[in-house]
Amino acid sequence: GEDVEQSLFLSVREGDSSVINCTYTDSSSTYLYWYKQEPGAGLQLLTYIFSNMDMKQDQRLTVLLNKKDKHLSLRIADTQTGDSAIYFCAEKSGSGGYNKLIFGAGTRLAVHP
Amino acid sequence: NAGVTQTPKFQVLKTGQSMTLQCAQDMNHNSMYWYRQDPGMGLRLIYYSASEGTTDKGEVPNGYNVSRLNKREFSLRLESAAPSQTSVYFCASSGGQGKELFFGSGTQLSVL
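This text gives an overview of the structure that appears in the document.

About the cut-offs
Residues numbered from 1 in each chain as written. Chains lettered and ligands numbered in written order. Predicted model: local features only at pLDDT ≥ 70, side-chain atom pairs only at ≥ 80, totals over all residues. Heavy atoms only, no water. Helix = DSSP H or I, 4+ residues; strand = E, 2+ residues; numbered from the N terminus. Rg over C-alpha atoms; globule rule 2.2 N^0.38 Å. Buried < 20%, exposed > 50% of the residue type's maximum accessible area, 1.4 Å probe, protein only. Contact = heavy atoms within 4.5 Å. Lys, Arg positive; Asp, Glu negative; His and termini not counted. Charge placed at Lys NZ, Arg CZ, Asp CG, Glu CD. Areas by Shrake-Rupley, 256 points an atom, 1.4 Å probe, with all protein chains shown as cover. Disulfide = S-S within 2.5 Å. Buried area = accessible area lost by both parts, 1.4 Å probe. Salt bridge = Lys/Arg side-chain N within 4 Å of Asp/Glu carboxyl O. Polar contact = N/O pair within 3.5 Å; in protein donor to acceptor, adjacent residues only side chain to side chain. Nonpolar A, V, L, I, M, F, W, Y, C, P; charged D, E, K, R; others polar.

### Side note on the overall build of chain B
Working step 1: Looking only at helices and strands, chain B features zero helices and 11 strands.
Working step 2: Rg of the C-alpha trace for chain B: 13 Å, near the compact-globule value of 13 Å for 112 residues, within the 12% margin.
Working step 3: When the backbone C-alpha atoms are referred to their principal axes, chain B occupies close to 35 × 25 × 25 Å.
Working step 4: Taken over 112 residues, chain B has a buried fraction of 47%.
Working step 5: Long-range pairs, those at least 24 residues apart, make up 54% of the contacts in chain B with a sequence separation of at least 6.
Working step 6: For chain B, the centre of its 10 positive side-chain charges and the centre of its 8 negative side-chain charges are spaced 4 Å apart.

### Looking at the overall build of chain A
Working step 1: Secondary structure summary: chain A contains zero helices and 11 strands in total.
Working step 2: Beginning at the N terminus, the succession of helices and strands in chain A can be written as β-β-β-β-β-β-β-β-β-β-β.
Working step 3: Taking 2.2 N^0.38 as the reference for a compact globule, 113 residues should give roughly 13 Å; the C-alpha atoms of chain A span a radius of gyration of 14 Å, in line with that estimate.
Working step 4: Considered along the principal axes of its C-alpha atoms, chain A spans approximately 45 × 30 × 20 Å.
Working step 5: The contacts in chain A between residues at least 6 apart in sequence include a share of 55% that link residues at least 24 apart.
Working step 6: Accessible surface computed for chain A: about 5500 Å², of which carbon and sulfur atoms make up 48%.
Working step 7: Looking at chain A, you have 11 positive and 13 negative side-chain charges, and the mean spots of the two groups are 2 Å apart.

### Remarks on the state of the cysteines
Working step 1: The full count for this structure, using the stated rule, is two disulfides over all chains.
Working step 2: Here Cys-22 of chain A engages in a disulfide with Cys-89 of chain A; their sulfurs sit 2.0 Å apart. Because the sign of the S-S torsion sets the handedness, a value of about -65° for the bond joining Cys-22 of chain A and Cys-89 of chain A places this disulfide among the left-handed ones. Here Cys-22 of chain A is found in strand S3 (residues 18-24), whereas its partner Cys-89 of chain A is found in strand S9 (residues 85-92), with 67 residues between them in sequence. Exposure class is identical for Cys-22 of chain A and Cys-89 of chain A. Each is buried.
Working step 3: Between the sulfur atoms of Cys-23 of chain B and its disulfide mate Cys-91 of chain B the distance is 1.9 Å.

### Some points on the environment of Asn-21 of chain A
Residue and element names in this part refer to chain A.
Working step 1: Take Asn-21: it is sitting in strand S3.
Working step 2: In sequence terms Asn-21 and Ser-7 are 14 residues apart; their C-alpha atoms lie 7.1 Å from each other.
Working step 3: Once residues within four sequence positions are removed from consideration, Asn-21 is found in contact with Glu-5, Gln-6, Ser-7, Trp-34, His-71, Leu-72 and Ser-73.

### What to know about the interface of chain A and chain B
Working step 1: Chain A puts 23 residues into the contact, and the matching count from chain B is 23 residues.
Working step 2: Of the roughly 1700 Å² buried at the junction of chain A and chain B (both faces included), carbon and sulfur atoms supply 58%.
Working step 3: The tally of links between chain A and chain B comes to zero salt bridges.
Working step 4: In this structure, the connection of chain A to chain B is made through three residue pairs in polar contact (both at pLDDT 80 or more).
Working step 5: Taken together, the elements giving at least two residues each to the side of chain A that touches chain B come down to strand S4 (31-37), strand S5 (43-50), S9 and strand S10 (101-103) of chain A.
Working step 6: Sorting elements by how many residues they give to the side of chain A that touches chain B places S4 of chain A first, with four residues.
Working step 7: Of the residues belonging to the side of chain A that touches chain B, the class tally is 12 nonpolar, nine polar and two charged.

This is the structure in structure tokens:
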């Protein structure tokens, strides 16, 4: 079945770049997502990438997609303390018109001074 | 803007009790979802409703039932709560394929 895997923890120094990695299993996934969850809150969409793209950049965020290896990464440049949160990778499951997502376990990013 | 509203925010149940988690969205979205979040396991899909009038099982449907009352509302019912259902529950909605999922703020449920 479908599965999404990501490392559970990442610690970085403020001002450095953070790279969060994710692997997925469904080669037919058309959309791949990064969601952010701050303490006590629901998830918010950070960015997404279509499967026919290799890279997407949005301000401090860069998403890289390697379809051959089914590997997705999120790079946050100039990481700030406000970036401390849990980051979830997700792939769209199925071909229906709805948007059923399969999520990874989440990577907790800790930013220290 | 309300977005996705879940009630209650917190609930404590005894084993065997029943309860219904309510969810409503005001974005005219067709699809709605219930997820549970457990430490180290991310979010797992319990049930979803692709459109009004339809519901389908997700990854972990056992012990739950859902009702898509109308386009706005999608409720999750625990008929006989078990300690294994202690979790944080999130409702979400989306406008269609590829569209962003909007999440509610969650319900923290403890079953003793």
